[in-house]
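For reference, the chains in residue letters:
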Amino acid sequence: MANTHDITATAPRIAIEKRASPLPNRLTAHMTPDPSSVRALWQRLESEPAMTFHQSLAWVQAWSKGTHTALCIVTLEQDGVPFALLPLEIGHMGGLKIARFAGTGFSNENTGLIDLGRLDDVAPVAPEDLTTAMRQAGLDADIVLFDKMTPEAAARAPFSGLSRVYHQNPSFQLPLSTDFSAVLAQINGKRRRKKFRVSERRLEAIGGYRHITGNDATQAQRLLDAFLAQKPVRLASQGLPNVFADPGIQAFLAELAATPTGEGRPALELHGIELTGGDHAGQIIAVAGLTIKDRHVTCQFGSINEEIAADASAGELLFYRMIECASAAGHSVFDFGVGDQLYKRSWCPQRTELLDCYAPLNLKGRLAAPLIAGVIRLKRTIKTSPTLHRAAAWLRGILVRRSVASPEGD
């Protein structure tokens, strides 16, 4: 079993008394790099429907294995009874060590893992006691940034007392029911059906299509390969770097697609639109990756072929089919994830403003915290201003093209 480090921080602070009995409401932190040492607790906490998939054992282990990222798994206890598990990693930025949720660069909403059944018995967690406990438990970071937190999660212990800013991007949701007509009625069902029929007719005209899923390893890898070929083209056309180029990220996605859930489906469920006839028979022209937890479906990524049947809106067609299937399966919500884009607005009547909570662990972290919060606010200002957003996109495009053109560009 991996070595662990323990420390006790007292909350609230009281005068020391000469007695042998333990102080009440002791906040204790334990840290380990080994998920297996806390597997039972992890599986119990992630079974709570309110906890998101992005702190699940499947997500974190696939991330660590694929990217070779070292984990810092922090367990919080009060009076010796665990109530929270925080799977973290440490990254570096300008000489600053920042602890964040493992794999959060590719996640959507985060919650941590909290025992909601015990939460009423957990005393309020003071920020200074939380940071002291994590630091002295061995978390070698300057600041902890719990980003993309749902409002409900940010209001719970141990996050409720932390400083926070709004995340630069909201996330978007489409409520589901088994009545697919009622689902579409939320977003102008008549227009949505018309667009769907137009897409189908255009694909039928070039030989037809089918909606496929990665139910076996071969098909899953085929879909993932199509995504990894399509996405860079789309990103380049938008002046964006290819964030999926790293072999570690590709290995992470492949590992997640190969990891079975308790229900027997892959942890990352891959969907695609494949042409069945004509000159392009067998070509996959749209791909999406979904995760499902407790009837909550989240779209992790998507791509389209920019050259074949570009006028058929294959991406929209794929979303229509996936949402139709999710509705029929009895799922409660189709989450389009983080990022404000027109196609998400067209599908989703709901949006969620996410929060970034942060906790400095030392002097360097305290000095950096206002700068980090300021950068997040600046990003949000740019993204919510059409003029500033266009200017930033133009500048980013120039920088990305220069980086691609230079063999030593970073």
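Right, let's walk through the structure included here. Predicted, not measured: the structure shown is a model, and the values here were computed from it. (Residues numbered from 1 in each chain as written. Predicted model: local features only at pLDDT ≥ 70, side-chain atom pairs only at ≥ 80, totals over all residues. Heavy atoms only, no water.)

1. Some points on the overall build of the protein
Turning to step 1, where the next piece is worked out: The helix and strand tally for the protein stands at 12 helices and 16 strands.
Turning to step 2, where the next piece is worked out: When the 410 residues of the protein are sorted by exposure, 49% land in the buried category.
Turning to step 3, where the next piece is worked out: Partitioning the intrachain contacts of the protein with sequence separation of at least 6 by distance along the chain shows that 73% fall at a separation of at least 24.
Turning to step 4, where the next piece is worked out: On the protein, roughly 19400 Å² of surface is accessible, and the fraction owed to carbon and sulfur atoms is 54%. (Helix = DSSP H or I, 4+ residues; strand = E, 2+ residues; numbered from the N terminus. Buried < 20%, exposed > 50% of the residue type's maximum accessible area, 1.4 Å probe, protein only. Contact = heavy atoms within 4.5 Å. Areas by Shrake-Rupley, 256 points an atom, 1.4 Å probe, with all protein chains shown as cover.)

2. What to know about a positive patch on the surface
Turning to step 1, where the next piece is worked out: Taken together, the side chains of Lys190, Lys194, Arg197, Arg201 and Arg202 define a basic patch exposed on the protein surface.
Turning to step 2, where the next piece is worked out: By the secondary structure assignment, Arg201 is in helix α6 (residues 189-205). (Patch = residues over 30% accessible without salt bridge, like charges linked within 9 Å, V, L, I, M, F, W, Y side chains within 5 Å. Salt bridge = Lys/Arg side-chain N within 4 Å of Asp/Glu carboxyl O. Lys, Arg positive; Asp, Glu negative; His and termini not counted. Charge placed at Lys NZ, Arg CZ, Asp CG, Glu CD.)

3. A word on the sheet that holds strand β13 (residues 296-304)
Turning to step 1, where the next piece is worked out: A sheet is described by the order of its strands in space; here seven strands give the open sequence β10-β11-β12-β13-β14-β9-β15, paired in mixed fashion. Across the chains shown, the open sheet's two edge strands, defined by having one partner strand only, are β10 (209-213) and β15 (350-352). In this sheet, neighbouring strand axes are inclined to one another by 25° on average, regardless of whether the strands run parallel or antiparallel.
Turning to step 2, where the next piece is worked out: Relative to β15, strand β9 (residues 171-175) is paired through three bridges, and the arrangement is antiparallel. Paired with Ser171 across the strands is Thr352, a residue of β15.
Turning to step 3, where the next piece is worked out: Packed on one face of the sheet, α6 meets β10, β11 (269-275) and β12 (284-293) and runs near 105° to β10. (Pairing = 2+ DSSP bridges. Axes fitted to C-alpha atoms, helices over the stretch in contact; angles between N-to-C directions.)

4. Digging into helix α9 (residues 314-328)
Turning to step 1, where the next piece is worked out: For α9, built from 15 residues, the straight-helix expectation of 21 Å at 1.5 Å per residue is met to within 8% by its first-to-last C-alpha distance of 21 Å.
Turning to step 2, where the next piece is worked out: In terms of burial, α9 is a largely internal element, 11 of the 15 residues being buried.
Turning to step 3, where the next piece is worked out: Phi for Gly330, located one or two positions after α9, is positive at around 85°. (Expected span 1.5 Å × (residues − 1).)

5. Thoughts on the pairing of strand β2 (residues 26-32)
For a regular strand, side-chain orientation follows a simple rule: the groups alternate between the two sheet faces.
Turning to step 1, where the next piece is worked out: The buried fraction of β2 amounts to five of the seven residues, a majority that puts the element mostly inside the structure.
Turning to step 2, where the next piece is worked out: Where β2 meets strand β3 (residues 72-78), six bridges bridge the pair, whose relative direction is antiparallel. From the neighbouring strand, His30 faces β3, where its bridge partner is Thr75.

6. Considerations on the pattern of salt bridges
Turning to step 1, where the next piece is worked out: Counted according to the given criterion, the structure contains 16 salt bridges.
Turning to step 2, where the next piece is worked out: Residue Lys65 pairs with Glu255 through a salt bridge whose shortest N-O separation is 3.5 Å. Linking Lys65 in helix α2 (residues 57-67) with Glu255 in helix α8 (residues 247-258), this pair joins segments that are 190 residues apart in sequence.
Turning to step 3, where the next piece is worked out: One connected set of salt bridges, linked through shared partners, spans Arg192, Lys195 and Glu316.

7. Considerations on unusual backbone geometry
Turning to step 1, where the next piece is worked out: Cis geometry is found at the peptide bond from Ala157 to Pro158, where omega equals 10°.
Turning to step 2, where the next piece is worked out: Along the chain, Pro158 falls in the loop between α4 (151-154) and β8 (163-166).
Turning to step 3, where the next piece is worked out: Phi angles above zero are rare outside glycine, and His68 is one such case at about 60°.
Turning to step 4, where the next piece is worked out: Within the element layout of this structure, His68 appears in the loop between α2 and β3.
Turning to step 5, where the next piece is worked out: What makes His68 exposed here is its relative accessible area of 73%.
Turning to step 6, where the next piece is worked out: The phi dihedral of Ser313 falls on the positive side, at around 50°, and the residue is not glycine.
Turning to step 7, where the next piece is worked out: Mapped onto the secondary structure, Ser313 falls in the loop between β13 and α9.
Turning to step 8, where the next piece is worked out: Classification of Ser313 as partly exposed rests on a relative accessible area of 33%.

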